[in-house]
Amino acid sequence: MEIGQVLKKIREEKGLTGAELATELGKSGNSYISKIETGQKKDISLQELKDICNVLKVSPQIFFQKDDKPKRKFFFDNALFRDEDVISEDAQNKIKELLPKIAKSYRVKKSLGDNPITIDSISMGFTVNSVKDAKKLAGLIREKFELGSYAIDIFNLVRSGFNIYVIGEDLGDRISGIYSHDAKGNPVIVYNSASQYQHRNVFTLAHELGHHLIEEGKVVVDELEHQDNQSEHFADAFAAELLTPENSFIQKFKKVFPTNETRIGANHVIELSTVYKVSYRAIIKRLFDLKLISYKTATKLREAKVMWRSDYRPDSYYTPLTIEEQIKIDLLGAIQKGKIGTVKAESILGDEINAE
Ligand SMILES: [Zn+2]
């Protein structure tokens, strides 16, 4: 897309008229913006573009993205931050520190010969254009992998079912997860292993899997605060349906929960949390989204803080592996299976491998 077309699209998404945007930029009237948008004004300086980006709160990168081929490299500047401004510098530095490590993981992947599974292998030609499609996709995955109607091991599904590299890193206090790629375009999902966010990891993994299937090739950095945009809605709808399929969830709800809403307590939520192996909070959100409980009840249940500790955490999340640890384990496994020699494994790792 041309710069003008991109500008028009973003401006309209933000609900601004051309004149309003011009005013924000200290110009009067509509012609300045309309000339850029229609391509009549071609001599836009970098400073002008930066000013526009500041007002629209978008990264200048957005104007230079090619839409023919998806971007596959994990370059910090390409990341689709929901809102770049709200990411703390600490978190940005952490992501930058991760990049070279993620790049390294492709060599491991290559040695193991795993091919990531994409949406095409789930259902040829299926694209997700609505929340309904996102839910349907979750259903297709349950069918394909014969996952039944209740809890799934999302870690195992993402890692072994889809051949996606999954790693846990301390991502600071802003970021819940990242969907990106190594240097060869193999998908990588990073979740936040900081202990206070562990209860979210099940949902995060399902959500990032959604990004992988729906928006393969993009880079997404997910923040903890909910933001309103289409790709997030799709990934959320996908994750909710994958982890707690609507039909089975409503049936279980009817079995477990008392019909009198005032008698609903934390114990009922915990029961569902155990059935679906998602966090206490994820269950409350699902109950509310499906209009099974009122806002008042949802708030009451959320405030039952004593139950926080009962959040379900699969064993694999208790000791999250950093990317370095993960690479090492994969290489050891490959050596044991005879897929790779120790010398080659050590050259990839850049360190000695002690196969005990
Ligand atoms: Zn997301």
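Along each chain, residue indices are assigned from 1 in the same order as the chain's sequence is written. Under the rules for a predicted model, residues below a pLDDT of 70 receive no local features and side-chain atom pairs below 80 are neither given nor counted, while totals for whole chains, interfaces and linings still include all residues.

**Notes on the overall build of the protein chain**
Stage number 1. Here a helix means four or more residues in a row that DSSP labels H or I, a strand means two or more in a row labelled E, and each is numbered from the N terminus. Looking only at helices and strands, one finds 17 helices and 5 strands in the protein chain.
Stage number 2. To sort residues by burial, count the other C-beta atoms lying within 10 Å of each one's C-beta; a count of 20 or more means buried, 12 or fewer means exposed, and anything in between means partly exposed. C-beta atoms are built from the backbone. Split into buried and exposed, the 356 residues of the protein chain put 31% on the buried side.
Stage number 3. Contacts spanning at least 24 positions in sequence make up 69% of the contacts within the protein chain whose residues lie at least 6 apart. Note on contacts: each residue gets a C-beta atom placed from the backbone, and two residues are in contact if those atoms are within 7 Å.

**Re the environment of Glu325**
Stage number 1. Looking at the secondary structure, you find Glu325 in helix H16 (residues 323-336).
Stage number 2. Residues Glu325 and Ile167, 158 residues apart in the sequence, show an inter-C-alpha distance of 9.0 Å.

**Some thoughts on the packing of H16 against helix H17 (residues 342-349)**
Stage number 1. Packing of H16 against H17 leaves a shortest axis separation of 10 Å and a crossing angle of 170°. Put simply, H16 runs roughly antiparallel to H17. Every residue of H17 that contacts H16 at Ile327, Lys328, Leu331, Ala334 and Ile335 is listed here: Thr342, Ala345, Ile348 and Leu349.
Stage number 2. Ten residue types, Ala, Val, Leu, Ile, Met, Phe, Trp, Tyr, Cys and Pro, are classed as nonpolar, four, Asp, Glu, Lys and Arg, as charged, and the remainder, Gly among them, as polar. A per-class count over the contact of H16 with H17 returns 7 nonpolar, 1 polar and 1 charged. Convention adopted: a line fitted to C-alpha atoms gives each axis, helices being fitted over their contacting stretch, and angles between N-to-C directions are expressed from 0 to 180 degrees. Between 65 and 115 degrees an angle is taken as roughly perpendicular, under 35 as roughly parallel, over 145 as roughly antiparallel, and anywhere else as oblique.

**Here we look at the environment of Glu13**
Stage number 1. With respect to the secondary-structure elements, Glu13 resides in helix H1 (residues 3-13).
Stage number 2. Take Glu13: there are 12 C-beta atoms within 10 Å of it, and that puts it in the exposed class.
Stage number 3. Sequence-wise, Glu13 and Asn229 are 216 residues apart; in three dimensions their C-alpha atoms are separated by 9.9 Å.

**Re the nonpolar core**
Stage number 1. In plain words, the nonpolar core is the set of buried Ala, Val, Leu, Ile, Met, Phe, Trp, Tyr and Cys residues that C-beta atoms within 7 Å link up. With 60 residues, the main nonpolar core has Val158, Ile189, Leu205, Ala206, Phe238 and Leu243 as its most contacted residues.
Stage number 2. Counting residues per element, this core draws most heavily on helix H10 (residues 230-243), which supplies 8 residues.
Stage number 3. Here Leu205 is in contact with Ile154, Phe155, Val158, Val166, Ile189 and Tyr191, once residues within four sequence places are set aside.

**Focus: the confidence of the model for the protein chain**
As a note on interpretation, predicted positions should not be read in detail where pLDDT is low.
Stage number 1. Per residue, pLDDT captures the predictor's confidence, and it can take any value from 0 to 100. On average, residues of the protein chain carry a pLDDT of 78, and 76% of them reach 70 or more.
Stage number 2. Mean pLDDT per element in the protein chain: strand S1 (residues 80-81) is the minimum at 42, and helix H11 (residues 246-256) is the maximum at 96.

**So, unusual backbone geometry**
Stage number 1. With a phi angle near 55°, Lys57 is a residue other than glycine that sits in the positive phi range.
Stage number 2. As for its position among the elements, Lys57 is in the loop between helix H4 (46-56) and S1.
Stage number 3. With a phi close to 60°, Lys291 is a non-glycine residue in the positive phi region.
Stage number 4. Of note, Lys291 is situated in the loop between helix H13 (280-289) and helix H14 (295-302).
Stage number 5. In this structure Lys291 comes out as exposed when scored by C-beta crowding, with 7 C-beta atoms within 10 Å.

**As for the pairing of strand S3 (residues 175-181)**
Stage number 1. The buried fraction of S3 amounts to 7 of the 7 residues, a majority that puts the element mostly inside the structure.
Stage number 2. Two strands pair if DSSP finds at least two bridges between them. Two strands pair when backbone bridges link them, and S3 and strand S5 (residues 220-223) are joined in this way by 4 bridges, in the antiparallel orientation. Residue Tyr179 lies in a different strand from S5, and its bridge partner there is Val220.
Stage number 3. Here 5 bridges tie S3 to strand S4 (residues 187-192), and the two strands are oriented antiparallel to one another. If you follow His181 over to S4, its bridge partner there is Pro187.

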